[in-house]
Amino acid sequence: MDFEDKSLQCSDCGATFTFSAEEQEFFQTKGYTNEPKRCPACREARKAQRYGNSGSGYRSPRQMFPAVCAECGKETEVPFEPREGRPVYCSDCYRKINLSR
Ligand SMILES: [Zn+2]
Ligand SMILES: [Zn+2]
């Protein structure tokens, strides 16, 4: 099946954007049946909001991320997204490390 570039309108900002043949093919291989509703800029903006790296305000305070404690190897949850190269500690080790300072 051949794909052709399509023009779609963003439901957020109303801008016209291209849903390229490549993207359509990608969508099909992923099994997505819906066309994208938002332009790439709005999609990025929403993604940034969801992961809370756009600053404060949007992130729900309850959201926890799974992590592995760098000290004891126990599985834990932290209220921020763990970054590579940045150690994450479980609450016990975190307390221990803070006390030993
Ligand atoms: Zn948009
Ligand atoms: Zn630990």
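Just so you know, these numbers come straight off a predicted model, no measurement behind them. (Residues numbered from 1 in each chain as written. Chains lettered and ligands numbered in written order. Predicted model: local features only at pLDDT ≥ 70, side-chain atom pairs only at ≥ 80, totals over all residues. Heavy atoms only, no water.)

Trainee: Hey, could you go over the coordination of the zinc ion (ligand 2) for me, with residue numbers and the actual values?
Mentor: Around the zinc ion (ligand 2), the donor atoms from the protein are Cys69 (SG), Cys72 (SG), Cys90 (SG) and Cys93 (SG), and they sit 2.3 Å away. Taken in sequence order, the residues that donate to the zinc ion (ligand 2) follow the motif C-x2-C-x17-C-x2-C. With a gap of 18 residues between them, Cys72 in the loop between β3 (65-68) and β4 (75-78) and Cys90 in the loop between β4 and α3 (91-99) connect regions that are remote in the sequence. Here Cys72 falls in the partly exposed class, since its relative accessible area comes to 44%. Under the relative-accessibility criterion, Cys90 is labelled buried at 3%. (Donors = N, O, S within 2.8 Å, 3.2 Å for Na, K, Ca; no water. Helix = DSSP H or I, 4+ residues; strand = E, 2+ residues; numbered from the N terminus. Buried < 20%, exposed > 50% of the residue type's maximum accessible area, 1.4 Å probe, protein only.)

Trainee: So, the packing of aromatic side chains: which residues are in play, and what are the values?
Mentor: To describe a pair of aromatic rings, one takes the distance between the centres and the angle between the planes. Under the defined criterion, the tally for this structure stands at 2 aromatic pairs. Pairing Phe19 with Phe27 gives two aromatic rings, centres 5.2 Å apart and planes at 75°, and the pair type is edge-to-face. Under the relative-accessibility criterion, Phe19 is labelled buried at 5%. Judged by relative accessible area, which is 18%, Phe27 ranks as buried. Cluster of aromatic residues (ring-pair linked, three or more members): Phe19, Phe27 and Tyr32. Here the guanidinium or amino end of Arg86 rests over the ring plane of Phe80, the centre of that ring lying 5.2 Å away. (Phe/Tyr/Trp six-rings, centres within 6.5 Å; stacked < 30°, edge-to-face > 60°. Lys NZ or Arg CZ within 6 Å of the ring centre and 35° of its normal.)

Trainee: Got a sec to walk through the coordination of the zinc ion (ligand 1)? Specific residues and values, please.
Mentor: Taken together, the protein donors to the zinc ion (ligand 1) comprise Cys10 (SG), Cys13 (SG), Cys39 (SG) and Cys42 (SG), at separations of 2.3 Å. Here the zinc ion (ligand 1) is ringed by 4 donor atoms whose angles at the metal span 104 to 115°, and the overall shape comes out tetrahedral. Written as a sequence motif, the donor arrangement for the zinc ion (ligand 1) is C-x2-C-x25-C-x2-C. Taken together, the residues span a long stretch of sequence, with Cys10 in the loop between β1 (6-9) and β2 (16-19) and Cys39 in the loop between α1 (21-30) and α2 (40-50) at a distance of 29 residues. Of the residues examined, Cys10 reaches a relative accessible area of 4% and is grouped as buried. Taking relative accessible area as the criterion, Cys39 reaches 7% and is therefore assigned buried. (Tetrahedral: all angles 85-135°; square planar, octahedral: opposite > 155°, others 65-115°.)

Trainee: Outline the nonpolar core, supporting the account with residue identities and numerical values.
Mentor: General note: in soluble globular proteins, nonpolar side chains tend to be found buried as a group. By size, the foremost hydrophobic cluster in this structure holds 7 residues: Leu8, Cys10, Phe17, Phe19, Phe27, Cys39 and Cys42. Discounting residues that sit within four places of it in the chain, Phe17 has contacts with Lys6, Ser7, Leu8, Gln9, Cys10, Pro36, Lys37, Arg38, Cys39, Pro40 and Arg43. (Core = buried A, V, L, I, M, F, W, Y, C linked by side-chain atoms within 4.5 Å. Contact = heavy atoms within 4.5 Å.)

Any functional reading would require information beyond the geometric quantities listed.
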